[in-house]
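Each chain is listed here by its residues.
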Amino acid sequence: MKNKILIFGATGMLGQRCYEYFAKKLGYTVLCSSVEGDFYDPSATYVRCDITKRDEVKKVISDFFPDFIINAAAFTNVDKSESERETAWNINVKAVEYMAEGARNCDAHIIHLSSDYIFDGIKGQYAEGDKPNPVGYYGRTKLAGENALKISNALYTILRTNVLYGVITKGRLDFVRWVVESLRKGERIRIVTDQINNPTYLDDLVRAISQVIEFRKFGIYNIGGREFLSRYDFTMRIVDFFKLDGSLVDKIVTPDLKQPAKRPLNSGLVTLKAETEFGYSPTQMEETFRIMQEELGI
Ligand SMILES: NC(=O)c1ccc[n+]([C@@H]2O[C@H](COP(=O)([O-])OP(=O)(O)OC[C@H]3O[C@@H](n4cnc5c(N)ncnc54)[C@H](OP(=O)(O)O)[C@@H]3O)[C@@H](O)[C@H]2O)c1
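Read on for an overview of the structure.

## So, the site of the ligand
Item 1. Around the ligand, 26 residues are found, and the nearest of them are Gly9, Gly12, Met13, Ser34 and Ala74.
Item 2. At the level of elements, helix H1 (13-25) and strand E5 (109-115) are the ones that each hand at least two residues to the shell around the ligand.
Item 3. By residue number, the principal contributor to the shell around the ligand is H1, which donates 3 residues.
Item 4. Grouping the amino acids of the shell around the ligand by side-chain chemistry returns 13 nonpolar, 10 polar and 3 charged.

As structure tokens, then:
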């Protein structure tokens, strides 16, 4: 029975939720890893590891000898990726190479997370076979991370996703909670009307990882939400559900933000392949808000 999972990036948004699901709900033997501090749950088995250090990565893997490695670790700051290129490359590309080496040595299956930012955002609603063409450095590192796995001879699955939100209790706020908390405090928020994608409920992504493990699926799959919509329209759905003051939301376009990194504007990921090959079934948006309201008390 294959039941050992190593999670890199266990303190991140996705990593936390993976720990809750695989260790607490499904009873897998899980080793959590990240780079800083202590793990939020003292009952978890936790090891610190800087994934940019080849020897550390390989030691963590060979000591634990996992059946599956979930790589939820990444340098996820899109703007800082422009100015801190070497760090972004080391975390999003080199570390993936080290993990693949370690995984090969113990025949572990790596489930790696990638992003719609590998696309240029011209066509929109991307399928797995569409041609990548990143417009920023973050997207370039995520694409190079995918390529590192493809040539590694490790057993791998790449799950591409976009705009994660959901039940997160530690660390930074996800987009939904940021909107709810800002508007409840009476703060004005500026939201872009020209970035379109299909926001992904974290627990849908975690279930997709579980299905990949269960059905032994390899290769590339898109994982996203049911609906393609602009960030402004997503915000107004949050406003309506949580009965917030929508007059505090100002419409803007991406150039107004003057951000260092370019973003793919017309983006989003078609999930038909995951739906047909392993029964991926994203939760309806208002239902995800209802669960967040109930579990987070927001
Ligand atoms: N969030 C999104 O909207 C989104 C969209 C598309 C794709 N993705 C992809 O989904 C995955 C998960 O994203 P997320 O938002 O959950 O990430 P996140 O919350 O930013 O967490 C990143 C994790 O990476 C760890 N990490 C960073 N540098 C490290 C290093 N040198 N060594 C070891 N660990 C390191 C962090 O550890 P510490 O906490 O210890 O620093 C943290 O646990 C990533 O691959 C991301 O590219 C995310």
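The discussion continues.
## Points about helix H6 (residues 175-184)
Item 1. Within H6, burial applies to Val176, Val179, Val180 and Leu183. Looking straight down H6, one finds that the buried residues subtend no more than 95 degrees of arc, so they occupy a single side.
Item 2. Here the buried face of H6 lies against strand E7 (164-165), strand E8 (189-192), helix H8 (231-242) and helix H10 (285-296).
Item 3. Just downstream of H6 lies Gly186, where phi reads positive at about 80 degrees.

## Side note on the nonpolar core
What tends to happen in soluble globular proteins is that the nonpolar side chains get buried as a cluster.
Item 1. Counting 81 residues, the largest nonpolar core has Ile7, Met99, Ile110 and Ile209 as its most contacted members.
Item 2. The greatest single-element share of this core, amounting to 8 residues, is contributed by helix H4 (residues 85-105).
Item 3. Residue contacts for Ile7: discarding those within four places in its chain leaves Gly15, Cys18, Tyr19, Val30, Cys32, Ser33, Ile70 and Ala72.

## A few points about the environment of Pro260
Item 1. One can find Pro260 in the loop between strand E13 (249-252) and helix H9 (272-278).
Item 2. Assessed through the 13 C-beta atoms surrounding it within 10 Å, Pro260 is described here as partly exposed.
Item 3. Ignoring any residue separated from it by four or fewer positions in sequence, one finds Pro260 in contact with Asp79, Glu82 and Ser83.

## Focus on H8
Item 1. Between the first and last C-alpha of H8 there are 16 Å, a value that for 12 residues agrees with the 16 Å anticipated at 1.5 Å per step.
Item 2. Residues of H8 that are buried: Arg231, Tyr232, Phe234, Thr235 and Ile238. Taken end-on, H8 shows its buried residues confined to a sector of 160 degrees, consistent with a single buried face.
Item 3. Note on H8: the residue one or two positions beyond its end, Lys243, has a positive phi of about 55 degrees.

## Structural notes on the pairing of strand E2 (residues 29-34)
Item 1. Burial analysis of E2 places 5 of its 6 residues in the buried class, which makes it a mostly covered element.
Item 2. Examined bridge by bridge, strand E1 (residues 4-8) and E2 share 5 bridges and lie parallel to one another. Each bridged residue has a counterpart across the sheet, and for Lys4 the counterpart in E2 is Thr29.
Item 3. A crossover links E1 with its parallel partner E2, the connecting element being H1, and its sense is right-handed.
Item 4. Here E2 pairs with strand E3 (residues 45-48) via 4 bridges, running parallel. Paired with Ser34 across the two strands is Arg48, which belongs to E3.

Conventions used here
Residues numbered from 1 in each chain as written. Predicted model: local features only at pLDDT ≥ 70, side-chain atom pairs only at ≥ 80, totals over all residues. Near = placed C-beta within 6 Å. Helix = DSSP H or I, 4+ residues; strand = E, 2+ residues; numbered from the N terminus. Nonpolar A, V, L, I, M, F, W, Y, C, P; charged D, E, K, R; others polar. Buried ≥ 20, exposed ≤ 12 C-beta atoms within 10 Å, placed from the backbone. Arc of directions from axis to C-beta. Contact = placed C-beta atoms within 7 Å. Core = buried A, V, L, I, M, F, W, Y, C linked by C-beta atoms within 7 Å. Expected span 1.5 Å × (residues − 1). Pairing = 2+ DSSP bridges. Right-handed = clockwise from strand over helix to strand, strands pointing away.

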